Amino acid sequence: MSPAEPVQATTEPVHATTPGIDAPTWPVEFAERYRAAGYWRGETFGGVLRERAAAHPDRIALVDPAPERRTWTYRELDERVDRLAAGFTARGISKGDRVVLQLPNVGEFIEVVLALLRMGALPVYALPAHRETEIAYFCSFTEAVAYVIPDQHAGFDHRALATRVKERTPSLRHVFVVGEPGEHTALSEVPCAVSREVSRKVSYETPLPLAGPEPHELAFLQLSGGTTGVPKLIPRTHDDYLYSLWGSNEICGVDADTRFLVVLPAAHNFPMSSPGWLGVLYAGGTSVLCPRPDPATAFPIVERERITMTGLVPPLALVWTEAAPVTGHDLSSLDLVLVGGAKYSAEAARRLSPALGCRLMQVFGMAEGLVNYTRLDDDPETVVTTQGRPISPDDEIRLVDDAGQDVPEGGFGHLLTRGPYTIRGYWRAPEHNATAFTEDGFYRTGDIVRRTPSGHLVVEGRAKDQINRGGEKIAPEEVENIILAHPSVHDVSVVAVPDAYLGERSLAYVVLRAGAEPLKPASVKRFVRARGVAAYKVPDLVEFVDTFPQTGIGKVSKKTLRSAAAPAAPAAPAAPA
Ligand code: OOB
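Owing to the predicted nature of the structure, the values given are computational and were not obtained by experimental measurement.

How each quantity is defined
Residues numbered from 1 in each chain as written. Predicted model: local features only at pLDDT ≥ 70, side-chain atom pairs only at ≥ 80, totals over all residues. Helix = DSSP H or I, 4+ residues; strand = E, 2+ residues; numbered from the N terminus. Rg over C-alpha atoms; globule rule 2.2 N^0.38 Å. Contact = placed C-beta atoms within 7 Å. Buried ≥ 20, exposed ≤ 12 C-beta atoms within 10 Å, placed from the backbone. Near = placed C-beta within 6 Å. Pairing = 2+ DSSP bridges. Axes fitted to C-alpha atoms, helices over the stretch in contact; angles between N-to-C directions. pLDDT = per-residue confidence, 0-100. Parallel < 35°, antiparallel > 145°, perpendicular 65-115°, else oblique. Left-handed = near helix turned anticlockwise from the far one by under 90°. Nonpolar A, V, L, I, M, F, W, Y, C, P; charged D, E, K, R; others polar.

Some thoughts on the overall build of the protein
A tally of helices and strands in the protein yields 18 helices and 27 strands. Taken over the C-alpha trace, the protein has a radius of gyration of 23 Å; the compact-globule value for 577 residues is 25 Å, and the two agree within 12%. When its C-alpha atoms are laid out on the principal axes, the protein stretches across 75 × 60 × 55 Å. Restricting to contacts in the protein with at least 6 residues of sequence separation, those with at least 24 account for 67%.

Quick word on unusual backbone geometry
Cis geometry marks the peptide bond from A66 to P67; its omega dihedral reads -5 degrees. Note on placement: P67 falls in the loop between β1 (60-64) and β2 (70-73). Residue P275 is reached from S274 by a cis peptide bond, and omega for that bond is -15 degrees. With respect to the secondary-structure elements, P275 resides in the loop between α9 (269-273) and α10 (276-283). Notably, A154 is not glycine yet its phi reads approximately 50 degrees, a positive angle. Mapping A154 onto the fold places it in the loop between β6 (152-153) and β7 (156-157). Positive phi, close to 50 degrees, is recorded for R306, a residue that is not glycine. In this structure, R306 sits in the loop between α11 (295-305) and β14 (309-312). The partly exposed category is assigned to R306, around which 13 C-beta atoms lie within 10 Å.

Re the site of the ligand
As a matter of local geometry, the ligand sits amid 22 residues, with F270, F364, G365, M366 and A367 nearest to it. Elements supplying a minimum of two residues to the shell around the ligand: α9, β16 (359-366), β21 (443-451) and β22 (457-462). When residues in the shell around the ligand are grouped by element, the largest group, five residues, is from β16.

Here we look at the sheet that holds strand β27 (residues 541-544)
The sheet built from three strands is open, its strands ordered β25-β26-β27 with mixed pairing. The strands lining the two open edges of the sheet, one partner per strand, are β25 (489-499) and β27. Across the sheet, the mean angle from the axis of one strand to that of its neighbour is 25 degrees, orientation sign disregarded.

Topic: the environment of T452
Structurally, the position occupied by T452 is in the loop between β21 and β22. Note on T452: 13 C-beta atoms within 10 Å, which makes it partly exposed. Residues T452 and G411, 41 residues apart in the sequence, show an inter-C-alpha distance of 9.1 Å. The residues contacting T452, other than those within four sequence positions of it, are T386 and V458.

Looking at the environment of R159
Structurally, R159 can be placed in helix α6 (residues 158-168). Judged by the 18 C-beta atoms lying within 10 Å of it, R159 is partly exposed. When the C-alpha positions of R159 and V175 are compared, they lie 8.6 Å apart, and in sequence the two are 16 residues distant. Once residues lying within four places of it in the same chain are set aside, the contact partners of R159 are I149, D151, V177, G182 and H184.

A short note on the sheet that holds β16
Strand order in the open sheet made by the nine strands is β2-β1-β13-β12-β14-β15-β16-β17-β18, with mixed pairing throughout. Taken across any chain shown, the strands that pair with only one partner, and hence form the sheet edges, are β2 and β18 (389-390). Pairing between strand β17 (residues 369-373) and β18: two bridges, direction antiparallel. When the sheet's bridge partners are listed, Y373 is paired in β18 with R389. Where helix α3 (residues 74-90) meets the sheet, it contacts β1 and β2, and its direction lies at approximately 90 degrees from that of β2. Against the sheet, helix α13 (residues 346-356) makes contact with β15 (336-340) and β16, and its axis sits at roughly 135 degrees relative to β16, the strand it touches most.

Here we look at the confidence of the model for the protein
The predicted model of the protein averages 92 in pLDDT, with 91% of residues at 70 or higher. Here residues 196-208 scores under 50 on pLDDT; set against residues more than four positions off or in separate chains, the count is 15 contacts. Here residues 567-577 is modelled with pLDDT under 50, and outside its nearest four sequence neighbours on either side it reaches 24 contacts, counting other chains as well. Here the complex is predicted with pTM 0.93, and the ipTM for its interfaces comes to 1.00.

A word on the pairing of strand β10 (residues 218-223)
With six of its six residues buried, β10 lies for the most part within the structure. As paired strands, β10 and strand β11 (residues 233-237) are joined by five bridges and run antiparallel to one another. Its bridge partner being in β11, Q222 is matched across the sheet by I234.

Overview of the packing of helix α5 (residues 132-141) against α6
Interaxial distance between α5 and α6 falls to 10 Å at its minimum, and their mutual angle equals 40 degrees. The angle between α5 and α6 places the two elements in the oblique class. Here α5 and α6 pass one another in a crossing that is right-handed. Where α5 approaches α6, its residues E132, I135, A136 and C139 are matched on the opposing element by L161, R164, V165 and R168. By residue class, the composition of the contact of α5 with α6 is five nonpolar, no polar and three charged.

Listed below in structure tokens is the structure:
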């Protein structure tokens, strides 16, 4: 299919899974509209990198400052990506194949992502914190052919986990390791030697001899924060994601002089695309990878690398705000800090600019698509009290009540959205799609928001059953299912409780089986940890109760549990019973 041809030349219902794409996509008339409006430019990531490398080969694209400073010019990155793509291809990985990627903020992460994007193979972005339960699920559900890991990270050896996952996942043919490979393959052995002569020719004169992706095809699978027992996968295309990048760049003022510090895990949608390291790459700027987010690690890098822009979640923004006035490091290069991923209180937001000596922008986004920013020319009060307005004039926003009726102007309601970079359905999830999207293709975000007369959104609460632990999203159902497997547990309900630092923490209410030995909170936490899940999912608090409060229809009332846990906390409007 040529890029100019429609994405889905069919009148089938939006929720039907499209063969070859495995997810519903934009109906023809929308795809045509988004192209005609110039949002979808018909570019691919591989092509963009090639063009930037040709336009300014010697500019620095990437810096990995630790443990020894490594840099990549645009030309070096482009050539390296070619060699890696050729090496993956030689090992039988091809267009459409899924590759689970679990690397911390190291240069190899960027190289592998760009190599897979150039080939049309789909990265599946696991997080460094994920453990065996999550990884095994991602590998089997996506029928991944390869899994890319560090040898060790934050005291955890990823190789043994990879061995176990490989044994139980028939599709998984390769494990590539950054560092000491053990029984697996070192990533450093993958790149194919391409002579400079050929490489230069391939890079700048002729198209790469690979069956690369078309702009309307899938680029990768991003993880959803999720409300269900297992995370859903978010299929993003080259066209749609690239629009969110250059749209973000225009709003944030990203250009070739931008020096962006990747503080949050690089696989998260926020540091990747809002405007993130991919936005900076699009603009020809420089991304610098920060190995850890604490001020003691990040501030010296800000000083040394003359960082101009970064993105933080609210708890980190608090820590930076406290640390900046007393640091000995020169942070004067910082021009703009974006804060998002969870609600940032107006009080905390007011303190950021004076402390860090830079501008603030709030961002309210989601891996499913829609991203809102406050604007550089917004008045200061709007910047601290709202979560911004959408990137695109064609981002459609609806605020509805519980019955699905539009709420009056100024009132708050459930946020529904549809637009040129918001997905029309999750990957291989037709049943979930039937409820997560409206008949006419609006995504039900699960957020409760209000709109100001200027069109800015204010996040007032959440209707979805999710815990937002300082930007890390937890699906209570996933944790409940784990705790239910404990032989002494009769029932469990996991809820959010307010926390001054993280915004929210998780609390598990546990009902024990009649006659079961009493348990300690620590043993419930140990049990969850031992099942092999990301540490942030282990409940912060555990309380034992005799029964749960019930709703009228006999369901556990999470609302009552939440207010029992925090009588002083304002309940989220329209929170589900
Ligand atoms: C970002 O993406 P996700 O997919 O991890 O989480 C999305 C959810 C939103 O639906 C909302 O519930 C919450 O995170 N959220 C915020 C927020 N930003 C995100 N809630 C209140 N205030 C905010 N500023 O978190 C994400 C993706 C791209 C850019 C920024 C964040």
